[in-house]
Amino acid sequence: MRPSLFGELKRRKVLRVALAYAVVALAVMEAADLILPVLYLPEWAYRLIVIVAVLGFPIAVSLAWAFEVTPEGVRREREADGSPPRPRRPGAIRRAAAGFLVAGAIGLALWLGPLSTPRPVMTLPTVVFLDSVAVLPLDNRTGDSSYDYLSAGISEKMVGRLMELGQVKVTDPFSSRRYSELNPPLSPRQLADTLDVEKLVTGSLYLDTAGLRVEIFTSLGESSSMLWDATYEADSAAGSGVVTAIADSFVSDYTSRTPALQETKLVRGSKGAGTQGLVLAGQRAMGSRTAEGLAAARSAFAAALEVDSMDAKAYAGLSLAHSLSLAYRYDTGNRGYRDAALALAYADRAIELAPDLSDGYEARIYVATRSFAPAEEVIPDCRRALELKPSSAAANSWCALPMNRQGERGAALEKHELAISLDPGNAARRLAYAYSALKEGETDVAIEQAREAHAIEPALMLPRAIEGRALLLAGRAAECAELEMGPHEGIRAICLHETGREDEARAIVDSLSAAVLADALGDSVFTAVIRAEDLAVFFAWTGDVDSALEWATEAYHSSPLGVEARVLESPLFHRVRNDPRFRHEIERERSHLWTRVKNASKQIM
């Protein structure tokens, strides 16, 4: 009687070997999954372990078929018991071996598949705006300055509610306020042209015996002709409830006069009970991006959470205040990874509390993109944020970065231009565009946008840094050397070196290097990361691979934002980028940044 294939597999202990191999392999892979992130090894190291385990499976079962372990050693199976070979069906061995190899090939293909999967495409919502409007700050005509916060809160809540309509292009309140307060003032037509909108909304707040009265006017910016006006009344003692009630009533009237918007439903997010003034103060402070502004924002949002620990807007604002401080290299008293972990934890909390509020997604997009999160983790947040608030300048600007990394330059450019159109008075929108242009070597655009940002916010030093780097790439090092760089003396050193003033350049570099290593910068505003980054750029520009790698690594050890990605990927690093060791070490450093931030954030909340 011929033995069955199953009987042969059982007799030769192939099934036992296969089971034992699977158990051991799974244990090894589980251990690797836990240990490799701690050692900061790249993701491909885990893939390699899996591939080796899969490839080893058919080898192990083939050996089990052909050999057997005996007290006298390993022998061919037919010799193991000293008996003559058993009769076998023709081709049984070939079929068994073929089966093992096919199984191994299938397993290998399943694990190798992700390595060759195309990068995810940044397919974000496309919105055709049906209307465009800017809501200007309401005048407080109560005669009592304590109502200033209420008039400001109503106008900004109106902006938020209009943004939630989705198909209305709404100017960010930061830019509306900046341009409406210019002296001499702009005419309505100039204001509408500057903000690139069709309609302007103005109004005033009054206090009489019946309570609060808010008069709001909607006009065409081009002609100043009145479209409609409305009066809303409320109890002056109602506090933050007044803000929401009046904003909702106004937007309801606005949609009723715009037929195409009447099917749009408002999104309800954070309650914000009792925190309206604090959240508003934080958002205003954060708009300037100065060290003082971001510090005030952190304090205001933290105070709001002491009042209401369930306020999603406060969590989102606190998240952004921490990650923006990292991006602008301000010293918050925390280590860089601590600030990033706080930013992620607060953003996650905001989303958990209000999943239909865009603020939390925007905050998470920012910290994730700056910490080299994989595109597949960022894209869903970009989609969700822009579905909830298509006219968000922040979401459009920040989602341009992963799009650029995916090679979708045209789509990223459109997002930058839309962000500037939505928030033209905010230097941050110009800086994001300038950084992207620098990465692509488009020096004229980078210089123009950096100068625009400097004109809007002269106290910021980042515009000067971007302008100096772009001038260097444009072959205009002499102009760069004359710029006032503040903490970016390392950039000035590069420009001095390029103009032949090498002794001056070397003196600056030596002084900065010694100060960073000795922790003796004496600067309470900026962190040492800003100098480490500039030193990395200096040595990359001069072709010193070892020193460029040393300072880039130093920057990443201090902060997940390390060397700004768009700087590292720009022509500034072209002399060292293709060096195998430099490329390998930088990839290794960047591969674990997001995992480290996520692991740290889990310990916070």
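Residues numbered from 1 in each chain as written. Predicted model: local features only at pLDDT ≥ 70, side-chain atom pairs only at ≥ 80, totals over all residues. Heavy atoms only, no water.

Considerations on the packing of aromatic side chains
Counted under the stated rule, the structure contains nine aromatic pairs. Taking 5.9 Å as the distance between ring centres and 55° as the angle between the ring planes, the aromatic pair formed by F250 and Y254 counts as tilted. With F250 and Y254 both in helix α8 (residues 240-256) and four residues apart, the pair spans about one turn of that helix. Geometrically, the ring pair formed by Y315 and Y346 is tilted, given 6.1 Å between the ring centres and 40° between the ring planes. Separated by 31 residues along the polypeptide, Y315 in helix α11 (residues 312-327) and Y346 in helix α12 (residues 336-353) bring together distant segments of the chain. A relative accessible area of 9% places Y315 in the buried class. Judged by relative accessible area, Y346 falls into the buried class, the value being 15%. Grouped by ring-pair contacts, the aromatic residues W228, F250 and Y254 constitute a single cluster. Over the face of the ring belonging to W541 we find R575, whose NZ or CZ atom lies 4.8 Å from the ring centre. Looking at R596, its charged tip hangs above the ring of Y337, at a distance of 3.7 Å from the centre. (Phe/Tyr/Trp six-rings, centres within 6.5 Å; stacked < 30°, edge-to-face > 60°. Helix = DSSP H or I, 4+ residues; strand = E, 2+ residues; numbered from the N terminus. Buried < 20%, exposed > 50% of the residue type's maximum accessible area, 1.4 Å probe, protein only. Lys NZ or Arg CZ within 6 Å of the ring centre and 35° of its normal.)

Section: the pairing of strand β6 (residues 199-208)
Note on strand geometry: in a regular strand, side chains alternate between the two faces of the sheet. Of all ten residues making up β6, seven are buried, and the element is well covered by its neighbours. Bridging between strand β3 (residues 131-135) and β6 involves three bridges; their strand directions are parallel. Pairing of V135 across the sheet is with V201, part of β6. Of the pairings in the sheet, the one linking strand β4 (residues 139-140) to β6 comprises two bridges and is parallel in character. Its bridge partner being in β6, N140 is matched across the sheet by L205. With ten bridges connecting them, β6 and strand β7 (residues 211-220) associate as antiparallel partners. Bridged to K199 within β7 is L220. Taking the residues that link successive antiparallel strands as the turn, the β6-β7 hairpin has two residues. (Pairing = 2+ DSSP bridges.)

So, to be careful, I would describe these as geometric facts and stop short of saying anything about function.
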